[in-house]
Structure formats: C-alpha cells, structure tokens
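# Close look at the chain arrangement
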Amino acid sequence: MASGDPPERATNREVPDGLSLVATPIGNLGDLSPRALAVLGGADAVLCEDTRVTGHLLQRYGVSATLVPLHDHNEAEMIPRILDRIARGERLALASDAGTPLVSDPGYRLVRAAIEAGVAVTAVPGPNAAVVALTLSGLPPHPFVFLGFLPVKDGPRAAAIARHRAAERAGLSATIVLHEAPHRLAETLAALAEGLGPERPAAVARELTKRFEEVRRGTLAELAAHYAAAEARGEICLVIGPAPEETTAAEDLDTQLRAAMAGQSLRDAAAMVAAATGLPRKQVYARALELSRDVT
C-alpha cells in the first residue's frame, strides 16, 4: 500500500499469488500491520475462523472483504474448493481470530494440501500470544518448547506432563509455553506442579495487549494456590521455566533410561540419556536393551 493511501484502496495487485497467512491482533486492534491490512483488503476472499470476528476487525479500518469460514469442523471439506479457487487464479488470505494462523488455530491441513499441490504459500507476520508471553515472563527465552493446549481430561493431561518430564530427565532443558482456558487454569497449574515440581518458576500471562493485561509470576505451587482461590479471566498463556540442572552419575543410568523410555523409542531414549550423562552411547544402548528385556 502506497504511503498515504486509505485502506479501502487496497487492490488484488498487492496480494501475493496463492495463499497468504495473515497474523491478526491478539487483543489490541491497533496491532494490525499495514501490509496485513492491504492483503486482507485486496484478497479475492479471506478464510477465517469466525466471520464476525474478522468482519469486526476489517470494519474498524473501513475495509470490506469476502469472508469464508474455515475452522476445524469444515477444513477437510473446504480444502478441495479452496485449492480449486487458487488454481483458477484467485488470491486468498487465511486469518485467525487472533494471532498467527496454525499456531493452536486452524489451517495446518490446508497449508499441507496447498504445498503438496504446488501452491505458493506466503505469510504476513505479526502478533503471537505465546511469544509475547515468553518475552514478558522473565524466564529464559530460548530454547523454548511450545505445547499448545494440554489434554482436557486428568489422565491424558498427567501423561502428557509425564512425557515432557521424562524428556527433561533425559537432557531436555527448555522453557515451556502453552495455552489454557481460564476455567481450567487452576487444575492445570496443580497438575503441572505435581508433574514438574512445585518450585518450578512460572508465569501466567492473560489479556495480553488489552487494557487489563496481567503477568503474574511465581512458582507453580504459588500460582496454583492463587488461581484456586481467584477467578481467572480472558485469554491465557502459561510459561514455565526449564528444569533445574540435575547431576547424573553412572549409577543413576537405569532410572534415567526408564524415564526416557516411557515416552520415547528405545533408540531415541538411549541417545537422549547418553547425551545427558556423557556416557558412551553403545554402553547406554546396551543397558537400555537389557532393561527392555526385563520388562517383557
């Protein structure tokens, strides 16, 4: 968009061929970039989770666009139609309700199908709640692992946390970032405190970029206790610090291997434990084989 041009003058010429992934504000509508606005306003159609949300965003800027719903429930059936439109020369944009498409939002299956069909896929970068929460948490920014949403039910959630803890015991050291719904926040924090350790440093970031933005920092135990008594509201990201460094001696090998083998193949578990302990890989793999035979 040329400098000084009003948004409504965005044209199809400003939109890349194929499919454009457009990041949208995570709360503050002023965070929509000029290029994002130009692509959304100039596309032949905008694919979006909720046409009401995207429509409100574009209305704020005086832009009209053809909006087409694309969400988890219709993505599979919509993909052939979308690819057909692109094959006929149309230029389409994909926007999430908030943040970067595909990151805990619909669109992955469409992007995979588009790539396999030889369609050009480009992106207009912008807001991302997970990255914003990470930068505000006060915890190590890299490396980090993004887990999206944990399972809703207690059993699968505990299993997911245990798999991550097994990877940590085998050598993974990374800050964890994940999303959670406000009504599940307290129980998720309690499960994380149980599975990762109550003293693990963490932060709860909510309503990012909005008027009531808040980042509460503390241990997992402290945060679990706080939100067990205080109602959480708004969109929430959790950030959890990496596991404390653990000294692993040769005599601890069996414990480390059993933990790693709970969530990995035997070969991968042996490689992870060898890297974490500094022991020879062949020695670790041989012991992993012995342990696996004992189990069977």
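Residues numbered from 1 in each chain as written. Predicted model: local features only at pLDDT ≥ 70, side-chain atom pairs only at ≥ 80, totals over all residues. Heavy atoms only, no water.

## Some details on the overall build of the chain
Secondary structure assignment for the chain yields 11 helices and 10 strands. Projecting the C-alpha coordinates of the chain onto the three principal axes gives extents of approximately 70 × 45 × 35 Å. The 296 residues of the chain split such that 43% are buried. Pairs at least 24 residues apart make up 71% of the contacts formed inside the chain by residues separated by at least 6 positions. For the chain, the computed accessible surface area is about 15000 Å², with 52% contributed by carbon and sulfur atoms. Computed over 30 positive and 36 negative side-chain charges, the inter-centroid distance for the chain is 2 Å. (Helix = DSSP H or I, 4+ residues; strand = E, 2+ residues; numbered from the N terminus. Buried < 20%, exposed > 50% of the residue type's maximum accessible area, 1.4 Å probe, protein only. Contact = heavy atoms within 4.5 Å. Areas by Shrake-Rupley, 256 points an atom, 1.4 Å probe, with all protein chains shown as cover. Lys, Arg positive; Asp, Glu negative; His and termini not counted. Charge placed at Lys NZ, Arg CZ, Asp CG, Glu CD.)

## Things to note about the packing of aromatic side chains
Inspection of every chain in the model, using the stated rule, returns 0 aromatic pairs. Between R60 and the ring centre of Y61, over which it is positioned, the NZ or CZ distance is 5.7 Å. (Phe/Tyr/Trp six-rings, centres within 6.5 Å; stacked < 30°, edge-to-face > 60°. Lys NZ or Arg CZ within 6 Å of the ring centre and 35° of its normal.)

## Focus: the domain arrangement of the chain
If you check the domain split of the chain, you get domain 1 (19-127), domain 2 (130-240) and domain 3 (250-294). Every contact between the two is made by 6 residues of domain 2 and, on the other side, 7 residues of domain 3. Interface area for domain 2 against domain 3, summed over the two sides, is near 530 Å², with a carbon-plus-sulfur share of 67%. Looking only at domain 2, the three residues that lose the most surface to domain 3 are A166, R169 and A170, adding up to 75% of its buried area. Joining domain 2 to domain 3, the criterion identifies 0 salt bridges. Where domain 2 packs against domain 3, one counts 0 residue pairs in polar contact (both at pLDDT 80 or more). Partitioned by chemical class, the residues of the side of domain 2 that touches domain 3 number 3 nonpolar, 1 polar and 2 charged. (Domains from an automatic or database assignment. Buried area = accessible area lost by both parts, 1.4 Å probe. Salt bridge = Lys/Arg side-chain N within 4 Å of Asp/Glu carboxyl O. Polar contact = N/O pair within 3.5 Å; in protein donor to acceptor, adjacent residues only side chain to side chain. Nonpolar A, V, L, I, M, F, W, Y, C, P; charged D, E, K, R; others polar.)

## Side note on helix α2 (residues 51-60)
Turning to α2, its buried residues number three or more, namely T54, L57 and L58. One face of α2 carries all of its buried residues, which in axial projection span an arc of 95 degrees. Exposed and oriented more than 90 degrees from the buried face of α2 are R52, Q59 and R60. Against α1 (34-42), β2 (45-48) and β3 (67-69) lie the buried residues of α2. For α2, the capping residue at the N-terminal end is D50, with a side-chain oxygen 2.9 Å from the backbone nitrogen of R52. Backbone geometry just downstream of α2 places G62 in the positive-phi region, at approximately 70 degrees. (Arc of directions from axis to C-beta.)

## Here's the deal with the pairing of strand β8 (residues 201-206)
For β8, the tally of buried residues reaches 5 of 6 residues, placing the bulk of the element in the interior. For β8 and strand β9 (residues 214-219), the ladder comprises 6 bridges, and the chain directions are antiparallel. Each bridged residue has a counterpart across the sheet, and for P201 the counterpart in β9 is T219. As paired strands, β8 and strand β10 (residues 236-240) are joined by 5 bridges and run antiparallel to one another. Along β10, the bridge assignment pairs V204 with L238. (Pairing = 2+ DSSP bridges.)

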